[in-house]
Amino acid sequence: MTHEIPAAAERALAFDRAARAYAAYRPAYPAGVLDAVEELGGLRLAGARVADVGAGTGIASGALHGRGARVTGIEPGAAMAAQFRRDLPEVPLVRGDGNRLPLADGSLDLVAYAQSWHWTDPALAVPSALRVLRPGGALALLWNDPDPSVPWVAEQQARIVERIGDGCYISDRTLPGGLSWRTRELRWSRAVTVDFHLAKLATHSAFILLGAAGAAEFLAEERKHLLRRFPDGALEEPYTAFVAVARRPDAPAGGRPSG
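No experiment lies behind these values; they were computed from the predicted model shown.

**Student:** Explain the confidence of the model for the chain here, please?
**Tutor:** Detailed conclusions should not be drawn from predicted coordinates in areas where pLDDT is low. A residue-level look at the chain finds 91% of positions with pLDDT of 70 or above and a mean pLDDT of 91. This stretch, residues 1-6, has a pLDDT under 50; its non-local contacts, to residues over four places away or in other chains, come to 18 contacts. Confidence drops under a pLDDT of 50 for residues 252-259, and excluding neighbours within four residues, the segment shows 12 contacts in the predicted structure.

Take a look at the structure:
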C-alpha cells in the first residue's frame, strides 16, 4: 500500500523537522561538481558573486565558500536556516523562496540550485534567476542522488516506490526549456555503515512526512534487507552527481570567464 504523496511545497518545508540530521547524514558534493560548474559556465568561482538557492543546512554553500566564492544562501525553512547559521556563521543567509529571489537585478555571477530545483515552479524560478544574473552570468542546477544503476539501490528504490509512491526518493532532473544547457554526470561513492545509511534515508522528505511510526517501521524492515546483503554492516553508498549549467541568453559569444 502506497502512501499519498503531499504537495511539493509541503514536502520542501518538511526538512525543517530534521535539520540537524540533514546536516549530519546528507552527503557533500565531490570536488568535480564545482569544477564542472566552472567549466560549463565559463566562470571562476573565486571572487564570484553566488546565490545558493534552497541552501538548506549549507552543504553547497560551504563548498562554494571554500572555493572563494562570495556566497549568499537563500533558504525558506526556519530550522534549516538556523542550522546553516550554526554551521556557516561567516556566510550571509537570506530567508527566501527559490521562485521569487529576494535579490537585486543583475547582481550575481552565478545562481545555483543545489538539490533544490525540483521544489520550484520553473515558470517562476527561471525568470527570477535570470533577473538577478548579470549579463553573461550562469544558472547551475545540481543534484546528488543515489545511483539506481547499482542493483541494491534499484532494489531499495523499488521498495520505497511500493511503500510511498514514485518520485519521492531519486530526484526528477527535468531541465526547463528555453535555455541552452550543458551537462555533466559524475559517479562517486562513500563508505558508510548500514545504520548511517538508514539515518540518511530518514532525512528524505517522504520519510519525514510518513511520521515517526511509519518511517520507523519501514526503516526497520529496510535494515533487515540491507543486513542480508551486507552482513558486516558496511556498504558503499553510490551516487550520481548531475550538473546542468546555462548561461544567461544575452551572454556575449566567447566572453571571458568572470571572477
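Structure's up, so let's keep going.
**Student:** Looking at this model, I keep getting lost on the environment of R26. Mind explaining?
**Tutor:** Here R26 is to be found in the loop between α2 (19-25) and α3 (31-41). In contact with R26, not counting residues within four places along its chain, are F15, A21, I59, R190, K200, T203 and H204. A distance of 2.7 Å separates the side chain of R26 from the side chain of T203, its partner in a polar contact.

**Student:** Would you mind showing me how to read the sheet that holds strand β5 (residues 133-146) here?
**Tutor:** Two pairing modes exist for strands in a sheet, parallel and antiparallel, and in both the strands are linked by backbone hydrogen bonds. As summarised here, the arrangement of the 7 strands in space is β3-β2-β1-β4-β5-β7-β6, forming an open sheet in which the pairing is mixed. Pairing within the sheet leaves two strands with one partner each, and these edge strands are β3 (93-95) and β6 (182-193). Within the sheet, the average angular offset between the axes of one strand and its neighbour, ignoring direction, is 20 degrees. By the bridge criterion, 6 bridges tie strand β4 (residues 108-114) to β5 in an arrangement that is parallel.

**Student:** Which parts of the structure should I look at to understand the pattern of salt bridges?
**Tutor:** Side chains that differ in sign of charge can pair as their charged atoms come close. Applying the stated rule across the entire model yields 16 salt bridges. Between D105 and R131 there is a salt bridge; the shortest N-O distance is 2.6 Å. With D105 in the loop between β3 and β4 and R131 in helix α6 (residues 122-132), the pair connects residues that are 26 residues apart, well separated along the chain. What makes D105 exposed here is its relative accessible area of 56%. With a shortest N-O distance of 2.4 Å, D109 and R134 are connected by a salt bridge. Within this pair, whereas D109 is found in strand β4, its partner R134 is found in strand β5, the two being separated by 25 residues in sequence. Across the pair, R134 and D109 agree in class, each one buried. Through salt bridges with shared partners, a single ionic network connects D145, D147, R173, E185 and R187.

**Student:** Help me out: how do you make sense of the pairing of strand β2 (residues 70-75) in this one?
**Tutor:** Taken residue by residue, a regular strand's side chains alternate between the two faces of the sheet. Inspection of the sheet shows strand β1 (residues 49-53) paired to β2 by 5 bridges, in the parallel sense. Following the sheet pairing, V53 is matched in β2 by I74. Traced from β1 through helix α4 (residues 59-66) to β2, the parallel crossover comes out right-handed. Bridging between β2 and β3 involves 3 bridges; their strand directions are parallel. Opposite G73, over in β3, you have L93 as the bridge partner. As for the winding sense of the linkage, the β-α-β connection from β2 through helix α5 (residues 78-87) to β3 is right-handed.

**Student:** Is there a simple way to think about α5 in this case?
**Tutor:** It helps to recall that an α-helix has 3.6 residues per turn; residues three or four apart then point in one direction. Within α5, the full set of buried residues consists of M80, A81, Q83 and F84. Around the axis of α5, the buried residues are gathered within 160 degrees of arc, so they sit on the same side. Looking at the buried side of α5, the elements it contacts are α2, α4, β2 and β3.

**Student:** Help me out: how do you make sense of the side chain of S128 in this one?
**Tutor:** With respect to the helices, strands and loops of the structure, S128 is situated in helix α6. Note on S128: relative accessible area 8%, which makes it buried. Non-local contacts of S128, meaning those with residues more than four positions away in its chain, are made with N99, R100 and L101.

**Student:** So what exactly am I meant to see when it comes to the environment of R229 here?
**Tutor:** Within the fold, R229 resides in helix α9 (residues 205-229). For the pair R229 and R70, spaced 159 residues apart in sequence, the C-alpha separation works out to 44 Å. Ignoring anything within four residues of it in the chain, the contact list for R229 reads W152 and E155. Polar contacts involving the side chain of R229 include one to the side chain of E155, which spans 2.9 Å.

**Student:** Would you mind going over the nonpolar core with me for this structure?
**Tutor:** Where a protein is soluble and globular, its nonpolar side chains tend to be buried together. Core analysis: the largest hydrophobic core is formed by 32 residues, its most contacted members being V33, L64, L110, A140, L142 and V243. Of all the secondary-structure elements, those providing two or more residues to this core are α3, α4, α5, β4, β5, β6 and β7 (234-247). At 5 residues, the largest contribution of residues to this core is made by α3. When sequence neighbours within four positions are dropped, the list of residues in contact with L64 reads L34, L45, V50, D52, A69 and V71.

Basis of the calculations
Counting restarts for each chain: residues are numbered from 1 in the order of the written sequence. Selection of residues for local features in this predicted model requires a pLDDT of at least 70, selection of side-chain atom pairs for listing and counting requires 80 or more, and totals for whole chains, interfaces and linings are taken over all residues. Side-chain figures throughout are based on the complete set of non-hydrogen atoms in the structure, without hydrogens or water. Per-residue confidence from the predictor is given as pLDDT, running between 0 and 100. Note on contacts: a residue pair qualifies if any of its non-hydrogen atoms lie within 4.5 Å across the two residues. Helix and strand assignments follow DSSP, with helices taken as H or I runs no shorter than four residues and strands as E runs no shorter than two, numbered in order from the N terminus. Any pair of N or O atoms that falls within 3.5 Å is considered a polar contact. Within protein, one atom must be able to donate a hydrogen and the other to accept it, and sequence-neighbouring residues count only if both atoms are side-chain atoms. Only strands joined by at least two bridges in the DSSP assignment are considered to pair. Helix axes are fitted only over the stretch in contact, all axes being lines through C-alpha atoms; the angle between N-to-C directions runs from 0 to 180 degrees. A pair is scored as a salt bridge if a Lys or Arg side-chain nitrogen falls within 4 Å of a carboxyl oxygen belonging to Asp or Glu. We call a residue buried when its accessible area falls under 20% of the maximum for its residue type, exposed when it is over 50%, and partly exposed in between, using a 1.4 Å probe and counting protein chains only. By convention, orient the strands away from the viewer: a clockwise path from the first strand over the helix to the second makes the crossover right-handed. To obtain the arc, one takes the directions from the helix axis to the C-beta atoms. Buried Ala, Val, Leu, Ile, Met, Phe, Trp, Tyr and Cys residues form a nonpolar core when they are joined through side-chain atoms within 4.5 Å.

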